[in-house]
Amino acid sequence: MIFNYLTGTYRVVSNYPGTTVEVSSGAAKDNAFPFTILDTPGVNNLIPNSEDEKVTRDILLSETDYRVINVLDAKNLRRGLLIALQLIEMGLPVILILNMMDEAKSRGIEINLKAIKEVFGLPVVAAVATRKKGLEHLFPALKDCPKSTFSFQYSEAIEGGIASLLPLLPPAPISGRSLALMLLAGDETLRPWLEERLKTPEMEQIEAICSQYRKAYPESLSYRINIERLEKIDQLLLRIQSGERVSVQGWGRRLGEWSTHRFIGFVWMLLALFLSYEFIGVLGADLAVGFMEETVFGGYINPFLIRLVKAVIPFGIVQELLVGPYGIFTMALTYALALILPIVGFFFLIFGFMEDSGYLPRLAVMSNRIFKIMGLNGKAVLPMILGLGCDTMATMTTRILETRKDKIIVTLLLALGVPCSAQLAVIFGMLSGFSPWIVISWAAIIAGVILLVGFLAGKLIPGESASFILELPPLRWPQMKNILIKTLSRIEWYLQEAVPLFILGTLVLFVLDKSGAMASLELWARPLVVSWLGLPAESTSSFIIGFLRRDYGAAGFFAMAQKGLLTPNQVLVALVTITLFVPCIANFFVIIKERGWKMALIISGVVIFIALLMGGVVDWGLKTFSITL
């Protein structure tokens, strides 16, 4: 929210950690301050333990002539000052923003801002970012942003190591002292940067010094440095913080406890899913889609466009391209705007509500035991939940995971079984007109496949899993204005990303249809689509466009279901198959970027195989046991 305020732009913000995994940039909105503002991923330490932390540290190490805006959680000042202390050690000009001052005050925490300024010699801004309170002081503080004169001494052996390393270190935008501390702490991510600037004998000398001083302590030197920093911070807190820290009382605390309770939390989770289903299925799929499809597009827009095109354009092939069965107006835009957009809009609203309320990280805690079955921890649930918004973005969010094994498993599960917002919305809409048993069966099958595949992947993929540490933000009543802005921003993103691919997919279908290739494909795919999956031959086109976007493929099945071309049993088979189908093309490219070509092709191959296998198994099971849904 502070980045949004400084740049006058909008980036999605949420009430949980891990939302920002890439660097965002924008020009400062105040013309008197010609700065470029960079928003980096949040960190717990500047000795990186994950890719997103390395991104932030590397920016500090590579950029020059900048100022750091360090945002601290006022109700957890001890942890925030640990980062501030490292920035000060780097010799950087820093502004300290103490955010969430209202929540700190409600917990009985009194902070002496004057004392902080005196101790560190830095500008300090007290703020409540969600209400933009205090942010008006940021630009003036940026104008006069000094380097801190504060310093403290570590124990004798650590200081000895720093003194021995300093003459060997190359020039850098951050201080040699901070570089030396990183090396003593065993920061291996610093090695490539050093190797570019130093010769082999110097590198060997550095390693020998680090090895020598690490022997001075029974514990790891990284741990020792952290302990000494925290001891210093504890001394400072006696001066700058006062008041008894009290627990949050009242309904907020009770709701927070209930939401992670072993039994009550599970009931909460089911209630949240039920309300989401009702909100999206009834309001979005029934009312909004019915109005947009039948009244707006069916009654006015499409008849008008058909008459207009036929009156203005004399060429039959062009008329069909625009308003035919595979027409850009009558299929691509009608699917995108009349079928999917209303449902997606309702989904974005409720997803934004859960994000801003702080409920999503509590789902991570509730899911920790389940994720342990797959060799993952509850931290992995954050990318999985973000995948319900956008699998592409969620795949990038796997950077917050610490091990390669965790990243590969979560990327696979995202591609396999986590439907994005658009697809989930269409699925909810499609399910709303059928028996609840289809809903239950679909959810049970998808959950079972994810668990089984995750379990097998956890056993087969070598490597260790990381431990689970996650800070739970307080439960808040979200600000509706923020949810509406976030929803509009996501709708804009959806229209920019999805509509061009919908048009491209429709053009592919149009060419296949006119060239006769569609009939050949349906004939070729008949053993798979008709015999194995038990679906009508017309379903082939939904799978073809599903390669571009799963939600477009799901929309194809949605349209078939509305026309009565699918039986309830076929609806279940179609939904299971398309839910487990390959991710959209944008997600595929991000998997290449994050995991490489080889892994992207392996994941896609595995996903296609499992999707078709499970679709056929479900159809076989329904027929074998004479089950009619």
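Up top is the structure.
Described in the following lines is the structure provided in the data block. The structure displayed is predicted, hence computed values, not measured ones. (Residues numbered from 1 in each chain as written. Predicted model: local features only at pLDDT ≥ 70, side-chain atom pairs only at ≥ 80, totals over all residues. Heavy atoms only, no water.)

1. Quick word on the nonpolar core
Alright, step 1. If you look at the biggest cluster of nonpolar residues, it comprises 102 residues, and the most contacted ones within it are Trp-442, Phe-502 and Phe-557.
Alright, step 2. The element best represented in this core is helix H15 (residues 328-357), accounting for 15 residues.
Alright, step 3. By size, the runner-up hydrophobic cluster in this structure holds 65 residues, among which are Val-68, Val-124, Tyr-154 and Leu-230. (Core = buried A, V, L, I, M, F, W, Y, C linked by side-chain atoms within 4.5 Å. Buried < 20%, exposed > 50% of the residue type's maximum accessible area, 1.4 Å probe, protein only. Helix = DSSP H or I, 4+ residues; strand = E, 2+ residues; numbered from the N terminus.)

2. A short note on the side chain of Thr-7
Alright, step 1. Structurally, the position occupied by Thr-7 is in helix H1 (residues 2-7).
Alright, step 2. Among the polar contacts made by the side chain of Thr-7, one reaches the main-chain carbonyl oxygen of Phe-3 at a distance of 2.8 Å.
Alright, step 3. Contacts of Thr-7, omitting those with residues within four sequence positions, involve Gly-26, Ala-27, Lys-29 and Ile-37. (Polar contact = N/O pair within 3.5 Å; in protein donor to acceptor, adjacent residues only side chain to side chain. Contact = heavy atoms within 4.5 Å.)

3. A short note on the environment of Leu-122
Alright, step 1. Mapping Leu-122 onto the fold places it in the loop between helix H5 (113-120) and strand E6 (124-126).
Alright, step 2. Leu-122 sits in the buried class, given a relative accessible area of 3%.
Alright, step 3. The spacing of Leu-122 and Thr-149 is 27 residues in sequence and 8.8 Å in space, taken between C-alpha atoms.
Alright, step 4. Residues within four places of Leu-122 in sequence aside, it is in contact with Ile-88, Val-94, Leu-96, Lys-117, Pro-146, Lys-147 and Ser-148.

4. Looking at the packing of aromatic side chains
Alright, step 1. Under the criterion given, the structure shown has six aromatic pairs.
Alright, step 2. Their ring planes at 70° and their centres at 5.4 Å tell us that Phe-543 and Phe-557 sit as a pair that is edge-to-face. Taken together, the residues span a long stretch of sequence, with Phe-543 in helix H24 (residues 539-546) and Phe-557 in helix H25 (residues 550-562) at a distance of 14 residues.
Alright, step 3. Since its relative accessible area comes to 8%, Phe-543 is described here as buried.
Alright, step 4. On the basis of relative accessible area, Phe-557 is assigned to the buried category, the value being 0%.
Alright, step 5. With centroids separated by 5.4 Å and ring planes inclined at 55°, the aromatic side chains of Phe-543 and Phe-581 adopt a geometry described as tilted. Here the residue Phe-543 occupies a position in helix H24, and Phe-581 occupies one in the loop between helix H26 (568-579) and helix H27 (585-595), the gap between them amounting to 38 residues. Considered together, Phe-543 and Phe-581 belong to a single accessibility category, that of buried residues.
Alright, step 6. Of the aromatic side chains, those joined through ring pairs into one cluster are Phe-543, Phe-557 and Phe-581. (Phe/Tyr/Trp six-rings, centres within 6.5 Å; stacked < 30°, edge-to-face > 60°.)

5. Some words on the side chain of Arg-57
Alright, step 1. Here Arg-57 shows up in helix H2 (residues 51-62).
Alright, step 2. A residue is classified by how much of its surface remains accessible, and Arg-57, at 1% relative accessible area, is buried.
Alright, step 3. Side chain to side chain, Arg-57 and Asp-58 meet in a polar contact 2.9 Å long.
Alright, step 4. With residues near it in sequence (within four places) discarded, Arg-57 still touches Leu-46, Pro-48, Met-182, Asp-187, Thr-189 and Leu-190.

6. A closer look at the packing of helix H7 (residues 156-165) against helix H8 (residues 176-184)
Two numbers describe a pair of packed helices, the interaxial angle and the distance between the axes.
Alright, step 1. Where H7 contacts H8, the two axes come as close as 9 Å, and the packing angle between them is 115°. In the packing of H7 onto H8, the handedness of the crossing is right-handed. Note on element contacts: H8 touches H7 through Arg-177, Ala-180, Leu-181, Leu-183 and Leu-184, opposite Ile-158, Glu-159, Gly-161, Ile-162 and Leu-165.
Alright, step 2. Residue composition of the contact of H7 with H8, by class: seven nonpolar, one polar and two charged. (Axes fitted to C-alpha atoms, helices over the stretch in contact; angles between N-to-C directions. Left-handed = near helix turned anticlockwise from the far one by under 90°. Nonpolar A, V, L, I, M, F, W, Y, C, P; charged D, E, K, R; others polar.)

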